[in-house]
Amino acid sequence: TVLVGALVSSVAVFPCGYGVHLLRRDMQCKKDMLTVLENFDLDEADCTFPEDREFILRTVTEWYGSSGSFITFVQTTLREELAQQLQSNQVSAFYYFFPCLPVISVALDFLIGFIKAGIPAPWEVSFVISVVVGFGLWVSMATALLLNACHVFSAPCSSWIWDAAKT
C-alpha cells in the first residue's frame, strides 16, 4: 500500500513539476526581453511588407523626432521601467493563499464534525490553529520560496535532462 501511495503521489505531483518548468521558462523570457531591449536597433527590425517598414519609420520620426531618439528611449527609459516592474517580482497575496483552499476546506469539514460530535472547544481551537493557520503559513512560505527559486534559477541548462532535474 505504501508503494501504491507513492505512485499515486508521483502521478499527482507530475503536473506541478511541469507547471514549475513553464514558470521558469516564463521568467527567463522576461530576462531575455530586457537583454533584447538593451541591444535594440531599429535598423535591424524586420517587416513583412516594405510599406509597413516605411510607415513605422515615418511614425517613429514624427513621434520621437528621429530614429536615434527612439532607439535611445527603448534602450534606456523603456528598458529601465520594465526592469523595475520585473525585478519587483511581486505576486498577489491570493496566489499564496489559493493552494491552501483544498486543505482548509477539508479541515473546516472536520471541524464541523468535531462540533457535532461534541469535542471540547479547546481541542477544536487547537485543530483550527494547527491545520488552518499552520498549514496556510507553510504553503504560503513554500509558494514564495518556489517563485523566488524559479526567478533565480530560470536560466536553461545545457541539456533537457539537466533542465528537467533543475525544475
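Reading guide: rules and limits
Residues numbered from 1 in each chain as written. Predicted model: local features only at pLDDT ≥ 70, side-chain atom pairs only at ≥ 80, totals over all residues. Heavy atoms only, no water. Phe/Tyr/Trp six-rings, centres within 6.5 Å; stacked < 30°, edge-to-face > 60°. Helix = DSSP H or I, 4+ residues; strand = E, 2+ residues; numbered from the N terminus. Buried < 20%, exposed > 50% of the residue type's maximum accessible area, 1.4 Å probe, protein only. Contact = heavy atoms within 4.5 Å. Expected span 1.5 Å × (residues − 1). Arc of directions from axis to C-beta.

A. Inspection of the packing of aromatic side chains at higher detail. For the structure shown, the criterion picks out seven aromatic pairs. Considering the side-chain rings of Phe 110 and Phe 114, the 6.2 Å spacing of their centres and the 55 degrees angle between planes classify their relative orientation as tilted. Of the two residues, Phe 110 and Phe 114 both sit in helix α5 (residues 101-117), four residues apart, roughly one turn of that helix. Judged by relative accessible area, which is 47%, Phe 110 ranks as partly exposed. Connected via pairs of aromatic rings, a cluster forms that spans Phe 40, Tyr 64, Phe 70 and Phe 73.

B. Looking closely at the environment of Met 33. With respect to the helices and strands, Met 33 occurs in helix α1 (residues 2-38). Looking at Met 33, the relative accessible area reads 34%, which means it is partly exposed. Sequence separation between Met 33 and Ser 158 is 125 residues, and the spatial gap between their C-alpha atoms is 20 Å. Excluding residues within four positions of it along the chain, Met 33 makes contact with Leu 82 and Leu 86.

C. Region of interest: α5. Here α5 is 17 residues long and its end C-alpha atoms lie 24 Å apart, about the 24 Å a rise of 1.5 Å per residue gives. Those residues of α5 lying buried are Ile 104, Ala 107 and Leu 111. End-on, the buried residues of α5 take up no more than an arc of 60 degrees, which puts them together on one face. Exposed positions of α5 whose direction lies more than 90 degrees from the buried face are Pro 102, Asp 109, Lys 116 and Ala 117. Just beyond α5, the residue with positive phi is Gly 118, at close to 85 degrees.

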